[in-house]
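An overview of the molecular structure
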Amino acid sequence: MTDPLLSVQGLSVNFRTPHGFVHALRNVDMQASAGEVIGIVGESGCGKSTLASAIANLLPGNAGIAAGRIRFRDNDVLRLDADAQRRLRGREIAMVFQDPMTAFSPVLTIGQQLIEFQHQMTGIGKAEKRQRAEAMLVRVGISDARLRLDGFPHEMSGGMRQRVAIAAALLMNPSLLIADEPTTALDVTLEAQIIHLLRALRRDYNGAIVIVSHQLGVIAELCDRVYVMYAGEVVELAPIDDIFHRPRHPYTQALLDCDPARLNQRGAVLPTIAGEIPDLTALPDGCVFAPRCSFADDRCRVPQVLTYVSDAHAARCHRVQP
Amino acid sequence: MSSAVEPRTLPEAGRARGGALRKALANPMGALGLAIVTTIVVLALFADALAPYDPLKIDVLHKLEGPSAAHWAGTDNLGRDTLSRIIYGARVALGVACISIGLAMFVGLLLGLVAGYGPRWLDGVLVLFFDSLSALPMIMFSLAVITVLGPGTGTLILVISLVSIPGYARLVRAQTLALKRSDFITAERSLDAGPARIILIHLLPNVVGPLIILASMDIPVVIMLEAGLSFLGLGVRPPTPSWGSILYDGYNALRSSTTLVIAGGLPLVLATLGFTFLGEALRDGLDPKLQRRGQR
Amino acid sequence: MSALLNIANLSVCFPLAFGLMDIFSPRRERHLRVLEDVSLDLGQGETLGLVGESGSGKTTLARAVLGLVPRSAGDIAFDGEMIVGRSEGAFRTMRRKAAMMFQDPVASLSPRLKVGTLLVEPFIIHGEPVASRRETAERLLALVGLPAAFAERYPHELSGGQARRVGVARALALNPRMVLADEPTAGLDVSVQGDILNLMTRLKGEFGLSYIVVTHDLALVRHVSDRLAIMYLGRLVELGPTADVFRAPRHPYTRALLDAEPIPDPRRRREDLAIEGEIPSILNRPSGCEFHTRCRFARESCRNEAPDFTQDASGSAVRCHYPLE
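Residues numbered from 1 in each chain as written. Chains lettered and ligands numbered in written order. Predicted model: local features only at pLDDT ≥ 70, side-chain atom pairs only at ≥ 80, totals over all residues. Heavy atoms only, no water.

Residue and element names in this part refer to chain A. Taken in spatial order, the four strands line up as S2-S1-S4-S5 in an open sheet, and their pairing is antiparallel. Lying at the two open borders of the sheet, with one neighbouring strand each, are strand S2 (20–32) and strand S5 (75–76). When strand S4 (residues 63–72) meets S5, the two strands line up antiparallel, connected through two bridges. Residue pairing for S5: Phe72 is matched across the bridge by Asn75. (Pairing = 2+ DSSP bridges. Helix = DSSP H or I, 4+ residues; strand = E, 2+ residues; numbered from the N terminus.)

Shown next, in the form of structure tokens:
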């Protein structure tokens, strides 16, 4: 097996807040290889956006790396100096964000911004950059691309702006594309188009794609492997089919049961997971999901480890037998 | 349990103000400002106890003397103790400022709320009124009012209030217009709350904050205004001591003594600096964006 | 059949301000036609799902029903009475017997008032006597499963889920007949959105409520609504019992919406695109059937002629020249 492009090892991230230290990520391991589409799925507070920000080196000022490393190719991303980090972020790692409305500056044209995004590509002139930009717009499905280059972001709809954001991310030919909730802010018909686009782009894209989402449907449509996160930990990782058809962790199972799109019968009561996410400033010992788990017992009082049921499938629960 | 998972701090309405004062004090400029403002307030409140002499007592034999043991700030052109006049001048300055700003705030708040939330035609009329009022050159306006009502402190307060109203009203109106579209106002309308209820209970408490900040930043401006008008003889009538009138007396006596001019000008400068420093430190302390950054 | 709510030919139209630049480049539309000619009924004890994407007008429809947005045409009849006129006063009775739950639960609570005060406010506004304010607030909080201590909290001290519950409690304060819920699960995690919906269902049974649920989430609305109304560009395009609409949608847009929803099952990936193009701007409405620009079944007549909203015997309706079978 080829060396993974991206390797997150034992990453722990804290946030300093007036309420105390928020343990947003705890001992997270994750890998992505070229040609793969990885999904990171979880609900609020699970840390998926923190993980994405950490990989792209975009953590806010009050974040602290308590432990672990992020290796990208041969670099230890977190320990590079500021300049090197910026270069990495501009050239090798690209990110698409949730909100297409704020991804672009309102006072510059799309063309100006797309050319600006290529600023790290020394050796090609402005005219060529413009051509590349135009070609990329066509590739993401924007008709009349040449006209759009001279237009402003506010003249485009949300769906179109998200496409342009994807175009901007791909312009640098990054080895890693991270999409943080790429379709959450879009209407369902536009969401379908973006999913379709990402799938088409993937075919001739050589790098790795990481998709962060709380929507199981989006993950199911696009990903090869999935990491399920809960309260800052990876609780299950598996190939896409295993996650949806043979989930082993109680949280994954419960989450799937709650998705209304998976419910066949219209019952009187919709399933939920009782309780609330734990307070990340004061975590319990032992399994972090135990308070809400219907299978909890005494063995859950100790911290759980990832148990592998096959080469690529593991769950953080003592009930799982290899 | 609120979502402590997010690294952003929740805005805390009431606690913010106490925290703001603490932050203002942490800032050296704010601390200095607070010290100056406190001094002026103390002088104004306890002038009777603190002033060494009667500020109105004339003693022509000792006019325009420089600073001495008997008269720390010297005497003015009529032999009155300058220091006592400065101390009582603080009372005038603060008194005029607080009353006129208070009046202007009250009227501006109501008019701004009505303009912002009321029918469009009323808004049009009120905005016209505000624009007209602020278009008047103040000196001429004062002269006009004085001609009708006669000079004096009361007229002064009236003039300053009227001139300040548009600024406050416009601020309140802008805030109201913005809040009018909020979900919570729509929610109140869906419960069939009437305009009076919405304005007084739901809009007023939410617009009053910036108004208070603006008003506190206005205090030094009004002090200057009062001094300026008094200097021109359009403010408090002599012999009532006002920093502006001390300045005027000093200006006339400049060839004989520089002490008086400085005595009139210095408290003005200090007051303006003090209130401005404090006001800015408080405003920064209350600014939610600066709070959220967490570090400073 | 005596419907609880009857809406006939409702339109909402905002005039666009005439700016200086309009002299040089006159716009085609001088009005923002947000809702066009909407007619529907809500029966007693029924839950109607109002489904649509951005620009569909669904939220505006809910607001127009309560008079929060003035209607430019059409009639509203509630509980046997016609609403005459557009003034706030005309809606007084309606606002006492119907209540709304807003999409952003924290933003819809007045920030400087405590929860307890907010819960008692409907009584004060409508002049209903309240023996003990504290008891009333506690009773309402208990109804939605929140502890009595929450009466002392301010809106910003509530989580999204808690604020939603307060919104439900407030809506139910005066025992309404109808509740309009605007995106009741927006912002909630999948594992907890069932809580609020289950609560709404339970309260519906206990108090005999009727609901209009505005949402863009088809999977969800399937489980809570009896009938569905699909909206596009301010018009109703399909109306019918939920099960029927899901099983056999008749309007191509409904079909496209159902197909577009991503399925949480990797074995059932959709390879082709359900629908192309973007939602047109309401300032630039397409001619004829307004969906024709994106409809894969569009024919010549669709471009030229606008279809009627034809109701059949069972009350289902579709706005299409060639409805799907």
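Right, let's talk about the state of the cysteines for a bit. The tally for this structure, following the rule as stated, stands at zero disulfides over all chains. Left unpaired, Cys46(A) is separated from the closest cysteine sulfur, that of Cys223(A), by 14 Å. (Disulfide = S-S within 2.5 Å.)

With that out of the way, let us pick up the environment of Leu171(A). Residues and elements named next belong to chain A. Relative to the assigned elements, Leu171 resides in helix H6 (residues 158–171). As a C-alpha pair, Leu171 and Val309 span 138 residues in sequence and 40 Å in three-dimensional space. Filtering out sequence-adjacent residues up to four positions away, Leu171 remains in contact with Leu114, Gln118, Met121, Arg132, Ala133 and Met136. (Contact = heavy atoms within 4.5 Å.)

Let us now look at helix H2 (residues 82–91) of chain A. All names here are of chain A. Within H2 the residues assigned to the buried category are Ala84, Gln85 and Leu88. The buried residues of H2 occupy one face: seen down the axis, they fall within an arc of 100°. The opening residue of H2 is Asp81, an N-cap whose side-chain oxygen sits 3.0 Å from the backbone nitrogen of Asp83. (Buried < 20%, exposed > 50% of the residue type's maximum accessible area, 1.4 Å probe, protein only. Arc of directions from axis to C-beta. Polar contact = N/O pair within 3.5 Å; in protein donor to acceptor, adjacent residues only side chain to side chain.)

Okay, the sheet that holds strand S8 (residues 210–215) of chain C next. Residue and element names in this part refer to chain C. An order of S6-S7-S8-S3-S9-S10-S12-S11 is seen for the eight strands of this open sheet, with the pairing classed as mixed. Single-partner strands in this sheet number two, and they are strand S6 (98–101) and strand S11 (310–311). In this sheet, S8 lies alongside strand S7 (residues 178–182) in parallel orientation, the contact comprising five bridges. By the bridge assignment for S8, Ala181 is matched with Val213. The strands touched by helix H7 (residues 190–207) within the sheet are strand S3 (47–51), S6, S7 and S8, with S8 carrying the most contacts at an inclination of about 160°. (Axes fitted to C-alpha atoms, helices over the stretch in contact; angles between N-to-C directions.)

The subject of this paragraph is the packing of H6(A) against helix H7 (residues 188–203) of chain A. All names here are of chain A. Following both chains from N to C, one finds H6 and H7 inclined at 20°, their axes separated by 10 Å at the closest point. Accordingly, the angle class assigned to the pair H6 and H7 is roughly parallel. Taken as a pair, H6 and H7 cross one another with a handedness that is right-handed. Between H6 and H7, the residues in contact are Gly159, Gln162, Arg163, Ile166 and Leu170 and Leu190, Gln193, Ile194, Leu197, Leu198 and Leu201, respectively. Looking at the contact of H6 with H7 residue by residue, the class counts come to seven nonpolar, three polar and one charged. (Parallel < 35°, antiparallel > 145°, perpendicular 65-115°, else oblique. Left-handed = near helix turned anticlockwise from the far one by under 90°. Nonpolar A, V, L, I, M, F, W, Y, C, P; charged D, E, K, R; others polar.)

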